[in-house]
Amino acid sequence: MIPRPARAGIIAALDTPSPAAAERLAERVAPHAGLLKLGLEFFVANGPAAVARIARHRPVFLDLKFHDIPNTVAGAVRSVLPLAPAMLTIHAAGGPAMIEAARRAAEGAGEGAGTGRPAILAVTVLTSTDAATLAGCGVSGGPAQQVLRLARLALEAGADGLVLSPREVAMVRAAHGPAPLLVVPGVRPAGSDPGDQARTATPEEAAAAGADWLVIGRPITAAPDPGAAAAAIAASLGR
Ligand code: C5P
């Protein structure tokens, strides 16, 4: 598994369906990012071979957010292991049996090329989701309570870490201590456009709250100079 950074590190989210655009972004941001995140938009359009090409620049966080019956999720995890992603995501809301199945499937990776297994991260509540959205889905109590509930469930079921918004990081650190890997999207440098993100904080705030990795997409990828934007954020984190 990828070592925990001493200071919060940057994961650059390369959210594009274009392999050429992802390659250009990867080249520019790789000096400032610990990992490169590829999600459904890229994977569905281009498949595993394109992921392997991006992984030549930096270890890849494969953010496919699996959520299905345990047997299917275990199979999906086994199917991505040949790509040796450093991290992959499942939805905590899939429940303990699904999370345990993902973890067991990932442990098969150690038997392969000696790259170690990927960290299994459980997505708690998407950072674009607010209390009204949760209530509409039948979840009362708001995001903080739901994140705490899903965090406990996921960690007890064997997740290595969690994906959660900057607003809940300090609370989850206090509840679960230093062990879980906390990966935090919804990060916006002061003055930047929140876009569709509802629960945001600046990189400095997210790091101070206890995040290990900050997932940053549009503030880097939509900047006129993505390399400079990533460098500025890295500098703001003292890296
Ligand atoms: O562009 P932006 O910085 O908002 O990108 C955030 C990235 O983090 C996107 O790739 C999104 O899919 C991902 N993400 C998120 N909220 C989660 C999990 C992942 O925004 N809970």
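Each remark here, short or long, concerns the structure printed above.
Residues numbered from 1 in each chain as written. Predicted model: local features only at pLDDT ≥ 70, side-chain atom pairs only at ≥ 80, totals over all residues. Heavy atoms only, no water.

Engineer: Give me the packing of helix α1 (residues 19-29) against helix α2 (residues 40-54): which residues, what numbers.
Structural biologist: One way to put it is that α1 packs onto α2 with a least axis distance of 10 Å and a crossing angle of 45°. By the criterion of interaxial angle, the relationship of α1 to α2 is oblique. For the crossing formed where α1 meets α2, the hand is right-handed. Listed contacts from α2 to Pro19, Ala22, Glu23 and Ala26 of α1 are Phe42, Asn46, Arg53 and Ile54. Classifying every residue of the contact of α1 with α2 gives five nonpolar, one polar and two charged. (Axes fitted to C-alpha atoms, helices over the stretch in contact; angles between N-to-C directions. Helix = DSSP H or I, 4+ residues; strand = E, 2+ residues; numbered from the N terminus. Parallel < 35°, antiparallel > 145°, perpendicular 65-115°, else oblique. Left-handed = near helix turned anticlockwise from the far one by under 90°. Contact = heavy atoms within 4.5 Å. Nonpolar A, V, L, I, M, F, W, Y, C, P; charged D, E, K, R; others polar.)

Engineer: Describe the sheet that holds strand β7 (residues 181-184), with residues and values.
Structural biologist: On the basis of which strands lie adjacent, the closed barrel formed by eight strands has the order β1-β2-β3-β4-β5-β6-β7-β8 and parallel pairing. If you compare each strand with its neighbour and ignore which way they point, the axes differ by 25° on average. With three bridges connecting them, strand β3 (residues 60-66) and strand β4 (residues 87-91) associate as parallel partners. By the bridge assignment for β4, Phe61 is matched with Met87. (Pairing = 2+ DSSP bridges.)

Engineer: Can you break down the environment of Pro226 residue by residue, with the values?
Structural biologist: Tracing the chain through its elements places Pro226 in helix α10 (residues 226-236). For the pair Pro226 and Leu153, spaced 73 residues apart in the sequence, the C-alpha separation amounts to 37 Å. Among all residues touching Pro226, those that are not within four sequence positions of it are Leu25, Arg28, Val29, Ile220 and Thr221.

Engineer: Outline α10, listing residues and values.
Structural biologist: Listing the buried residues of α10 in full gives Pro226, Gly227, Ala229, Ala230, Ile233 and Ala234. For α10, the buried positions fall inside an angular range of 165° around the axis, keeping them on one side. For α10, the elements touching its buried residues are β1 (9-13), α1, α8 (203-209), β8 (213-216) and α9 (218-221). One side-chain oxygen at the N-terminal end of α10 lies 3.2 Å from the backbone nitrogen of Gly227; it belongs to Asp225. Residue Gly238 follows α10 closely and has a positive phi angle near 75°. (Buried < 20%, exposed > 50% of the residue type's maximum accessible area, 1.4 Å probe, protein only. Arc of directions from axis to C-beta. Polar contact = N/O pair within 3.5 Å; in protein donor to acceptor, adjacent residues only side chain to side chain.)

Engineer: Please set out the pairing of β4 residue by residue, giving values where relevant.
Structural biologist: Of all five residues making up β4, five are buried, and the element is well covered by its neighbours. Covered by surrounding structure in β4 are Met87, Thr89 and His91 together with Leu88 and Ile90, the residues of both alternating faces. Crossover β3 to β4 through helix α3 (residues 70-80) is right-handed. Bridging between β4 and strand β5 (residues 119-123) involves five bridges; their strand directions are parallel. Within β5, the residue paired with His91 across the bridge is Val123. (Right-handed = clockwise from strand over helix to strand, strands pointing away.)

Engineer: How would you sum up the nonpolar core? Please name residues and give values.
Structural biologist: In terms of nonpolar packing, the biggest core is built from 63 residues, with Leu14, Ile54, Leu62, Val77 and Leu214 touching the most fellow members. Examining the composition of this core, we find that six residues originate from one element, helix α4 (residues 96-107), more than from any other. Dropping the residues within four chain positions of it, Ile54 is found in contact with Leu14, Ala22, Glu23, Ala26, Leu36, Leu38, Phe42 and Val60. Counting residues in each nonpolar core, the second largest holds 14 residues, with Phe61, Met87, Val163 and Trp213 among its members. (Core = buried A, V, L, I, M, F, W, Y, C linked by side-chain atoms within 4.5 Å.)

Engineer: Give a description of the pairing of β5 that names residues and reports values.
Structural biologist: Sheet faces and side chains relate simply in a regular strand, where the side chains alternate between the two faces. With five of five residues buried, β5 lies mostly within the body of the structure. Alternating positions in β5 separate into two faces, Ala119, Leu121 and Val123 on one and Ile120 and Ala122 on the other, with burial throughout.

Engineer: Which residues make up unusual backbone geometry, and what are the values?
Structural biologist: Backbone geometry at Lys65 places phi at a positive 45°, although glycine is not the residue there. Despite not being glycine, Ala84 has its phi angle at roughly 50°, a positive value. Structurally, Ala84 is set in the loop between α3 and β4.

Engineer: Requested: an account of the pattern of salt bridges, with residues and values cited.
Structural biologist: Counting across every chain of the model gives eight salt bridges. Residue Arg103 pairs with Asp160 through a salt bridge whose shortest N-O separation is 3.5 Å. One end of the pair, Arg103, is in helix α4; the other, Asp160, is in the loop between α6 (142-156) and β6 (161-163), with 57 residues separating them in the sequence. In this structure Arg103 comes out as partly exposed when scored by relative accessible area, which is 24%. Note on Asp160: relative accessible area 13%, which makes it buried. Each of the salt bridges in this network shares a partner with another, and the network as a whole consists of Arg103, Glu107, Arg117 and Asp160. (Salt bridge = Lys/Arg side-chain N within 4 Å of Asp/Glu carboxyl O.)

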